[in-house]
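Results of the structural survey
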Amino acid sequence: EVQLVESGGGLVQAGGSLRLSCAASGFTADAYAIGWFRQAPGKTREGVSCISTDVDNKYLADSVKDRFTVSIDKARNTVYLQMNNLKPEDTAVYYCGFRGHYYCSVYGIWDYNMNYWGQGTQVTVSS
């Protein structure tokens with residue numbers, strides 16, 4: 001069974017940076033996609049990023065594309081979300097999701113495309 005472990009969340013002041021990690025294990029597939037999603041109180045889950053093992057297949061939501069970057073370490077099955085210039089509106093629980101044999105779509109980052117989930121990591125940005 002696929003297991004996802006997120007880490008790197010915490011409390012940071014506006015303008016600061018955090019790097020989230022999503023480590024995946026428990027599978028044998030060498031082709032997959034991992035997305036980052038976030039959910040703030042009173043809001044629906046929002047797609048933040050998607051990256052797959054396919055070359056150059058990665059996307060960021062418009063709301064974060066100028067501040068965040070996403071990368072993958074295929075050897076360690078780990079995806080990183082580097083978050084710079086954080087804003088209070090970035091405050092949310094951040095979840096990573098996994099789907100095997102899948103590549104990210106230019107049309108959007110959708111939670112229903114993922115079939116395994118981590119427990120989430122809290123990101124709080126103070127003003």
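Because the structure is a prediction, the values reported are computed rather than measured.

Moving on, we come to the state of the cysteines. All told, the structure shown has two disulfides when counted by the stated rule. Each disulfide of the protein joins two cysteines, and with those cysteines numbered along the sequence the arrangement is 1-3, 2-4.

With that out of the way, let us pick up the sheet that holds strand 7 (residues 68-73). Sheet architecture is open: four strands sit in the order 1-3-8-7, paired in antiparallel fashion. A strand with exactly one partner marks an edge of an open sheet, and here the two such strands are strand 1 (3-7) and strand 7. Taking the axes of each pair of neighbouring strands and ignoring which way they run, one obtains an average angle of 15° across the sheet. The sheet contact formed by strand 3 (residues 18-25) and strand 8 (residues 78-83) spans six bridges and is antiparallel. Directly across from Ser21, in strand 8, lies its bridge partner Tyr80.

For the rest of this paragraph, the subject is the packing of aromatic side chains. In this structure the tally under the stated criterion is six aromatic pairs. Aromatic side chains Tyr32 and Phe98 sit 5.3 Å apart centroid to centroid with 25° between the ring planes, which places their arrangement in the stacked category. In this pair, Tyr32 is assigned in strand 4 (residues 32-39) and Phe98 in strand 9 (residues 92-100), connecting sequence segments 66 residues apart. Here Tyr32 and Phe98 have matching classes, each one buried. Centroid distance Phe98 to Tyr116: 6.3 Å. Interplanar angle 65°. Geometry classified as edge-to-face. With Phe98 in strand 9 and Tyr116 in strand 10 (residues 116-117), the pair connects residues that are 18 residues apart, well separated along the chain. Assessed through its relative accessible area of 3%, Phe98 is described here as buried. Its relative accessible area of 32% is what places Tyr116 among the partly exposed residues. Ring-pair connections join several aromatic residues into one group, and the members of that group are Phe27, Tyr32, Phe98 and Tyr116. Over the aromatic face of Tyr95 sits the side chain of Arg45, whose NZ or CZ is 4.2 Å from the ring centroid.

Reading the values: the criteria
Residues numbered from 1 in each chain as written. Predicted model: local features only at pLDDT ≥ 70, side-chain atom pairs only at ≥ 80, totals over all residues. Heavy atoms only, no water. Disulfide = S-S within 2.5 Å. Pairing = 2+ DSSP bridges. Helix = DSSP H or I, 4+ residues; strand = E, 2+ residues; numbered from the N terminus. Axes fitted to C-alpha atoms, helices over the stretch in contact; angles between N-to-C directions. Phe/Tyr/Trp six-rings, centres within 6.5 Å; stacked < 30°, edge-to-face > 60°. Buried < 20%, exposed > 50% of the residue type's maximum accessible area, 1.4 Å probe, protein only. Lys NZ or Arg CZ within 6 Å of the ring centre and 35° of its normal.

Function cannot be read off these values alone, since they describe shape.
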